[in-house]
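Reading the structure
Each chain, letter by letter, is given below.
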Amino acid sequence: MLAKLGGDAPSRSGSESGAAGRLRAFEIILVLHLVTSTFWWAAGGWWLPTGDFSWIDGPMIATLCVTAALAAGCLHPTWRTIALPGMAVLQATVVIGAFPETANHSYLEFAFVGLVAFFQPRSDEERRLLLGALRWVTIVVFFSAGVQKLAHGYYFGGEFLAFQLTHPGFGPALSWLVPAEEVARIAGYAEVAGDGPYRVASLPLVLLSNAACLWELVVAVLLAFQRTRFPAVLLCAVFLAVTEVMAREFFFGVLFLNALLLFLRTEFNRRLIGVFVAFDVWVMLVKLELLPAVITF
Amino acid sequence: MTDARTRILIGALTLFTLWPAVQMTLVAVFDVNAWKLGGYGMYATPSFRPEVSVAVQRAGDSGFSVVTNLAQEQRDELTTFSRARFALGRLSRPDRLAERVFDGMPNVQSIRIRVVELRIDPRSAMLGSRESAFSYSRRAPSR
């Protein structure tokens, strides 16, 4: 099944699509992303107030040196077979270190780097299996996210989005869909027991809420089949961009975009390496307060 | 690929695939935070930080009084518990926090730790709260 999921139809010219190039580009983007997220995690995430650089200490510098050395090894064709398992161990440390508050993107980073380290994608069979495994993980995440939204029941009546109306992430964008008096009502709550109902008289918001919930389930299925992959990736990219911009939370989006690009038959992700690198540099400069923090991560 | 590696891969992917169902069970049974433990339930539920307070009964006191001036070590432990409770729900207990308070306040005979957790009821869409209390005496902890 994995081999089938990792297989692609030959391109129109009849040549085998460039799985090796795509996987290598995925690996490079992932490793650089891991350096950034490890740096962000070791620097205390978003917990510290502005101007607090107490996180720059010996262990932090040591963590960064180890991460940078492993990343350099991962990018080197010869050293990658040793460095990638090291990177997986480092990521396991991040997952354990942040437990039980570990973010979902950290678990996913561990799954991705673990798979990349597990395979030696020199043969077509291994490449196909690795591609299939990475795609499977991506589909599972999308499907699980959709099932969770259905199961917890905060999307049918738009309750989750109504709750978000006065929160800095989604709030400003969602308030366009809701009558002003309803926004004012929700804003009047101090978030203490007895507040509510967190349900608003807005058909557009309720429709959006249900669509967002069902979308993740549908797209998981669309990604599984060759014929529907391209439109699914395209729509997913738009969906991710919109939700991550609204939520101002980019770590998951960037990681997931990297995975989504693996569903394409072309090596499009290689062309985007520079964009991903620019994002990573930007995140580090924000943490060092050399750029304003217009987003959380 | 060797048989052993194939088995490892299948095992790992099976675990990854089934884990969200296990996590959802933990959410349903123990009020674990849907956003946490790798079940990919982010944005599935509104999420609230718990409110934790510590009340103590000193030797000779007839009642409990809330402690507002915890020492740094105790405050750190309270933060640790609060964060664990936020993620793990009822799987997390404040036993270590109680230990720290006993260690730092030799004249305290009993401790009550109160945890207030908010939750929006998906049916009524009303915000409600649930209170849990943990009682400890110097000898043996009890619920």
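Residues numbered from 1 in each chain as written. Chains lettered and ligands numbered in written order. Predicted model: local features only at pLDDT ≥ 70, side-chain atom pairs only at ≥ 80, totals over all residues. Heavy atoms only, no water.

1. Thoughts on the nonpolar core
Membership of the largest hydrophobic core comes to 98 residues, with the highest contact counts inside it found for A:M87, A:L108, A:F112, A:L134 and A:F142. Here this core gets 10 residues from one element, more than from any other, and that element is helix α6 (residues 124–152) of chain A. Shared between two domains, this core holds at least three residues of each, these being domain 1 (1–47) and domain 2 (49–138) of chain B. Not counting chain neighbours up to four residues away, the residues in contact with A:M87 comprise A:V31, A:L34, A:V35, A:T67, A:L70, A:A71, A:C74 and A:V113. (Core = buried A, V, L, I, M, F, W, Y, C linked by side-chain atoms within 4.5 Å. Buried < 20%, exposed > 50% of the residue type's maximum accessible area, 1.4 Å probe, protein only. Helix = DSSP H or I, 4+ residues; strand = E, 2+ residues; numbered from the N terminus. Domains from an automatic or database assignment. Contact = heavy atoms within 4.5 Å.)

2. What to know about a nonpolar patch on the surface
All names here are of chain A. On the surface, a cluster of nonpolar side chains totalling about 440 Å² of accessible area is made up of F53, I56, I61, L288 and L290. As for its position among the elements, L288 is in the segment after α14 (273–287). Accessibility expressed as a relative area gives 31% for L288, which makes it partly exposed. (Patch = residues over 30% accessible without salt bridge, like charges linked within 9 Å, V, L, I, M, F, W, Y side chains within 5 Å. Areas by Shrake-Rupley, 256 points an atom, 1.4 Å probe, with all protein chains shown as cover. Salt bridge = Lys/Arg side-chain N within 4 Å of Asp/Glu carboxyl O.)

3. Observations concerning the pattern of salt bridges
Residue and element names in this part refer to chain A. One pass over the structure, following the stated rule, counts 17 salt bridges over all chains. A salt bridge links E159 to R199, with the nearest nitrogen and oxygen atoms 2.8 Å apart. A residue pair is termed long-range when its members are at least 10 positions apart, and E159 in helix α7 (residues 159–164) and R199 in the loop between α9 (180–187) and α10 (203–224) qualify at 40 residues. Given a relative accessible area of 3%, E159 falls into the buried group. Given a relative accessible area of 30%, R199 falls into the partly exposed group.

4. Details of the packing of helix α2 (residues 72–88) of chain B against helix α3 (residues 95–104) of chain B
Residue and element names in this part refer to chain B. The interhelical angle for the contact between α2 and α3, taken along N-to-C directions, is 170 degrees, at an axis separation of 9 Å. By the angle between their directions, the pair α2 and α3 is classed as roughly antiparallel. On the side of α2, the interface is formed by E73, Q74, E77, L78 and F81, while α3 contributes R96, L97, R100, V101 and G104. A class-by-class count of the residues in the contact of α2 with α3 yields 4 nonpolar, 2 polar and 4 charged. (Axes fitted to C-alpha atoms, helices over the stretch in contact; angles between N-to-C directions. Parallel < 35°, antiparallel > 145°, perpendicular 65-115°, else oblique. Nonpolar A, V, L, I, M, F, W, Y, C, P; charged D, E, K, R; others polar.)

5. Overview of the confidence of the model for chain B
Overall, the prediction assigns chain B a mean pLDDT of 92, with 97% of residues at 70 or greater. Taken over the whole predicted complex, pTM reads 0.89, whereas the ipTM for its chain interfaces reads 0.89. (pLDDT = per-residue confidence, 0-100.)

6. Some words on the pairing of strand β3 (residues 108–120) of chain B
Residue and element names in this part refer to chain B. Both strand β1 (residues 51–58) and β3 contribute to a ladder of 8 bridges, which runs antiparallel. Across the sheet, the residue bridging to E51 is V116, located in β3. Where β3 folds back on strand β4 (residues 127–137), the antiparallel hairpin that results is connected by 6 residues, among which A125 adopts a positive phi of roughly 65 degrees. (Pairing = 2+ DSSP bridges.)

7. Looking at the interface of chain B and chain A
Between chain B and chain A, the residue contacts involve 42 residues of the former and 48 residues of the latter. The contact between chain B and chain A buries some 3900 Å² in all, and 66% of this surface belongs to carbon and sulfur atoms. Taken together, the connections running from chain B to chain A amount to 3 salt bridges. Residue B:R5 is joined to A:E126 by a salt bridge in which the shortest nitrogen-to-oxygen separation is 3.2 Å. There are 18 residue pairs in polar contact (both at pLDDT 80 or more) connecting chain B and chain A. Looking at the side of chain B that touches chain A, the elements that each hand over two or more residues are α1 (3–30), α2, β3 and β4 of chain B. Residue contributions to the side of chain B that touches chain A peak at 10 residues, all from α1(B). Tallied by class, the residues present in the side of chain B that touches chain A amount to 27 nonpolar, 9 polar and 6 charged. (Buried area = accessible area lost by both parts, 1.4 Å probe. Polar contact = N/O pair within 3.5 Å; in protein donor to acceptor, adjacent residues only side chain to side chain.)

8. Some thoughts on the pairing of β4(B)
The pairing of β3(B) with β4(B) spans 11 bridges and is classified as antiparallel. The residue of β4(B) that forms the bridge with B:I111 is B:Y136.

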